[in-house]
Amino acid sequence: MLDMKLLREDIDRVKKGVSARGVEIDFDNFVFLDKKRRLLIKEVEQLENKRNTGSKELGKLKQEGKEDQPVKIQLELKTISEEIKKLNENRTRVETELRDFALTIPNIPHRSVPYGNGEDNNVEIKRSGEIADLDFEPLDHVELGKSLGILDLDRAAKITGARFSLYTGAGARLERSLINLMLDLHTEHHGYTETLPPFMANRESFIATGNLPKFEDDLFKIEGLEYYLVPTAEVPVTNIHRDEILAEQELPVKYAAYTPCFRKEAGSYGKDARGIIRQHQFNKVELVKLSHPEESYEELESLLEDSASVLELLELPYRIVTLCTADLGFSSAKTYDIEVWVTSERKYREISSCSNYEDFQSRRANIRFRPKGGGKPRFVHTLNGSGLAVGRTVVGILENYQQSDGSVIIPKALIPYMGGIERIEKSESR
RNA sequence: GGAGGGGUGGCCGAGUGGACGAAGGCGCCGGUCUCGAAAACCGGUAGGGCUCUUACGGGCUCUCGUGGGUUCAAAUCCCACCCCCUCCGCCA
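Before going into details, it helps to say that this report is about the structure given with it. Quick caveat: nothing in here was measured; it's all calculated off a predicted structure.

A few words now on the packing of aromatic side chains. Here the structure, examined in full by the defined rule, presents six aromatic pairs. Look at Phe27 and Phe101: their rings are 5.8 Å apart centre to centre, the planes differ by 90 degrees, and that puts the pair in the edge-to-face class. Residue Phe27 is found in the loop between helix H2 (11–20) and helix H3 (28–63), and its partner Phe101 is found in helix H4 (residues 70–102); the two are separated by 74 residues along the sequence. On the basis of relative accessible area, Phe27 is assigned to the buried category, the value being 3%.

Shown next, in the form of structure tokens:
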């Protein structure tokens, strides 16, 4: 959520930021309601003041035992109280409406974000790793997974449905090894605290991160409860410190968390229908930071490095792009995507998204810190990035490390996690 | 699922109708003392909203889990909901 003060005092900046995203929002009603709100507050508080002082005097009179005057005053005060109640109902209505509106306004892009009206305007800032020069026709991860007997999408569809996956044998081991490697890397070398949060979260938590109220259609909701399956660990982990005031010395707070992620992928029918690129359930290791506002953009750069280091370690070719204004997520002020090379498609595909939300989420979540010398609490900046999406990492490994005989070599760094397995070879399919 | 207890400031904890935004302690900040620090002592220290002010800061108002109700007046009484704890039952 944006700062109400900003909306009031510099609405042009908000309008500019929103339109850079290619979003149309009508602010006229907001301006009107905001004025109305302040008028109502003034009115209510004047009456409250009258009631409070009167009430105090009345209390004194009663204690002094003067019973005759009080009755009249009492009646007067009662009338005031009733009026206050009526006005307050109005005020609540207006304030709710204002908040509901404010919750649907996206974040303002950071000034360093390139302007653009679509994916094509994203700016590549780095390319890394060697793309293998194959002297054979590469298979895609589905064919590889099937022939190696490690990925069974047909049976997953039987068990649950489309867009679910079933790993077996070395495939399941691969997925688990990657999770372990990522968590170890980030906790032991990058200073993140490992967390294992709930895989469902309540409505408030989702509002705090900006997933609700706007994106309900993307979430799996638990029937009969106001709980939703998490679409990313960002939701539960960012909410760890909701409604808390941290000490400045604690910043930055850094968490790494593994969770499965559940997404309806509404509106993406037919998109990436093949393979495990786009699933209703996938595993992800997520990095979350709560940062000092003045340091959040440095923190974003180091987050990006932490994230990319997984691909470095696995020796997978990747590139980094800065998302343009139109491609930015709702809550984000700036986002870098890391994309891994997918051999069969001959293109890079998103495997991590690293964002600075500034105080957009922390204002919703009410996460603050107290400045060192004392003084008013300030909102932290929140950041997060995948470190990495595990299923897509498997795609990257299978496709980039495939050999002409159909086997797949395991990246060196991963071998210890694979119990010494150096290569996945064809086996009898069941 | 059954029975009981409880949710108060950054934290712990007292407070059963008016002078309570709230004792006391811890923590934090400032000061005295010290070469310096610790200890001791003295003082300060909740958050939100509206508003005034160039600023320093001030005024009003709301907030004691959340939402309603009673009352001139609610942390305190009543109702509903949420959450936590203890015991019993069931269970990975």
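This next bit is on the sheet that holds strand E12 (residues 378–379). Paired through backbone hydrogen bonds, the strands of a sheet run either parallel or antiparallel to each other. Ordered in space as E5-E11-E12, the three strands form an open sheet in which the pairing is mixed. The outermost strands of the open sheet, each flanked by one partner alone, are strand E5 (244–247) and E12. The sheet contact formed by E5 and strand E11 (residues 367–370) spans four bridges and is parallel. Opposite Glu244, over in E11, you have Ile367 as the bridge partner.

On to the protein's contact with RNA strand B, then. Lining the immediate environment of RNA strand B, one finds 26 residues, of which Glu45, Asn49, Gln63, Lys78 and Ser81 sit closest. Backbone atoms, meaning sugar and phosphate, form 75% of the atoms of RNA strand B found within 4 Å of the protein. At 2.9 Å from a sugar or linking oxygen of RNA strand B is found a side-chain nitrogen or oxygen belonging to Arg37. The side chain of Arg51 places a nitrogen or oxygen atom 3.0 Å from a phosphate oxygen of RNA strand B. Breaking the surface near RNA strand B down by element, the ones donating at least two residues are H3, H4 and E11. Residue classes in the surface near RNA strand B are distributed as six nonpolar, seven polar and 13 charged.

The rules behind each value
- Residues numbered from 1 in each chain as written.
- Chains lettered and ligands numbered in written order.
- Predicted model: local features only at pLDDT ≥ 70, side-chain atom pairs only at ≥ 80, totals over all residues.
- Heavy atoms only, no water.
- Phe/Tyr/Trp six-rings, centres within 6.5 Å; stacked < 30°, edge-to-face > 60°.
- Helix = DSSP H or I, 4+ residues; strand = E, 2+ residues; numbered from the N terminus.
- Buried < 20%, exposed > 50% of the residue type's maximum accessible area, 1.4 Å probe, protein only.
- Pairing = 2+ DSSP bridges.
- Near = heavy atom within 4 Å.
- Polar contact = N/O pair within 3.5 Å; in protein donor to acceptor, adjacent residues only side chain to side chain.
- Nonpolar A, V, L, I, M, F, W, Y, C, P; charged D, E, K, R; others polar.

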